[in-house]
Amino acid sequence: MIVVMQKGAEAAQVQAISELAEGWGLKVHVSQGEERIIIGLIGDETRVREPALEMMPGVEKVMPVLKPYKRAGTEFHPERTVIKIPPARHGDRGLAIGGPGVVVMAGPCSVEGRDMILSLGAFLKGAGAHLLRGGAFKPRTSPYAFQGLGVEGLRYLAEERSVVGLPVITEVMDTRDVEMVAEFADIIQVGARNMQNFNLLKAVGRCNKPVMLKRGLASSLEELLMSAEYVMSEGNPDVLLCERGIRTFERLTRNTLDLSAVPVLKRESHLPVVVDPSHGTGHWDLVAPMAKAAVAAGADGLILEVHPDPSRAISDGPQSLTPKRFKELMVDLELVARAVGRNLY
Ligand code: PEP
Ligand code: MN
């Protein structure tokens, strides 16, 4: 921690800060410059009470040296996290997310029924998808809109996993459901609207399944990383970060997909980064270009909405790919992945 003193700060003020910092168990190093005194506080930064320092007489500003996301950040953990997903069925291949292979998660916005999940799952597997996505608990803007099939939806996903063999990712919205969703899901999704639901973050931090955190509608990347920190500080190291678009003044797209989030998050964090161009743009025809751009930018995974008949989808039809378009996109994604020295998993 660095404390910059105001011009003309007095020796007694410097002394008072030194005593405060020593009380926190830190070493103090005072440099007398031409114009100002700068105090370096050396030791465990988490013991510093920044507001208390800022309020001390004579202090101009206080600057942390280390990033506040200790577990999610690269400072203390330079090696990249690779999240292993065990095979869905005996004899199937497991997955690794965050390594050289780019992982594609695909499926409907909402789990709408058993047949849909089983037949779409089989199609997606054949087209090369690695995980099936589908919401059983849906965070809808209107309380009158379809809220999801709940446990019934989870059962269809589990059946797909054992019959077809695609592992599943599905959302949890309530702390009371975490244990149950963790039993069914291979990856638990925390949606954009719950990115700062700290009790939910702590609850998924205590379960033993990987967690995909979606960036909040108006959240900074630092806030996303601090949310990952919540999950990790409860003991769960397997967190995926997902860019899914943020709210801006632009109205021709549903959200503004911030692809610069990919290299920024990969610089700041060792966690795998996933991009959701479906919610990120809101229009199916924008999904393929942005999915390709995301892979080119270094994304470790994609999450894409695919529906057997988007015009009849219960939720998010306009941004859903048809199965045929998904299959075509997978061919292009392999080419883009190879162009940047990777491949589809
Ligand atoms: C979803 O992926 O099903 C979803 C609701 O996305 P988001 O939380 O990003 O809006
Ligand atoms: Mn959706």
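Residues numbered from 1 in each chain as written. Chains lettered and ligands numbered in written order. Predicted model: local features only at pLDDT ≥ 70, side-chain atom pairs only at ≥ 80, totals over all residues. Heavy atoms only, no water.

1. With respect to the coordination of the manganese ion (ligand 2)
A metal bound by six donors in octahedral fashion has ideal angles of 90 or 180 degrees, whereas one bound by four tetrahedral donors has an ideal angle of 109.5 degrees.
Part 1 of the argument: Donor atoms from the polypeptide that bind the manganese ion (ligand 2) are Cys 109 (SG), His 279 (NE2), Glu 305 (OE) and Asp 316 (OD), placed at 2.0 to 2.3 Å.
Part 2 of the argument: Here the donor residues of the manganese ion (ligand 2) are spaced in sequence according to C-x169-H-x25-E-x10-D. Placement of Glu 305 in strand E14 (residues 301-305) and of Asp 316 in the loop between E14 and helix H11 (323-339) is noted, with a sequence separation of 11 residues between them. Considered together, Glu 305 and Asp 316 belong to a single accessibility category, that of buried residues. (Donors = N, O, S within 2.8 Å, 3.2 Å for Na, K, Ca; no water. Helix = DSSP H or I, 4+ residues; strand = E, 2+ residues; numbered from the N terminus. Buried < 20%, exposed > 50% of the residue type's maximum accessible area, 1.4 Å probe, protein only.)

2. Here's the deal with the packing of aromatic side chains
Part 1 of the argument: Within this structure, the stated rule accounts for one aromatic pair.
Part 2 of the argument: Pairing Phe 198 with Tyr 230 gives two aromatic rings, centres 4.5 Å apart and planes at 25°, and the pair type is stacked. With Phe 198 in helix H6 (residues 198-205) and Tyr 230 in helix H7 (residues 221-233), this residue pair connects regions lying 32 residues apart in the sequence.
Part 3 of the argument: A relative accessible area of 30% places Tyr 230 in the partly exposed class.
Part 4 of the argument: When the ring centre of Trp 284 is taken as reference, the NZ or CZ atom of Arg 325 above it lies at 3.7 Å. (Phe/Tyr/Trp six-rings, centres within 6.5 Å; stacked < 30°, edge-to-face > 60°. Lys NZ or Arg CZ within 6 Å of the ring centre and 35° of its normal.)

3. Brief notes about the pattern of salt bridges
Part 1 of the argument: Counted according to the given criterion, the structure contains 20 salt bridges.
Part 2 of the argument: Of the charged contacts, one joins Glu 35 and Lys 7 as a salt bridge, the two residues approaching to 3.5 Å between their closest N and O atoms. Placement of Glu 35 in the loop between strand E2 (27-32) and strand E3 (37-42) and of Lys 7 in the loop between strand E1 (2-5) and helix H1 (11-23) is noted, with a sequence separation of 28 residues between them.
Part 3 of the argument: Notably, a salt bridge pairs Lys 266 with Asp 300, separated by 2.9 Å at the nearest N-O pair. Of this pair, Lys 266 sits in helix H8 (residues 261-268) while Asp 300 sits in the loop between helix H10 (284-297) and E14, and the two are 34 residues apart along the sequence. (Salt bridge = Lys/Arg side-chain N within 4 Å of Asp/Glu carboxyl O.)

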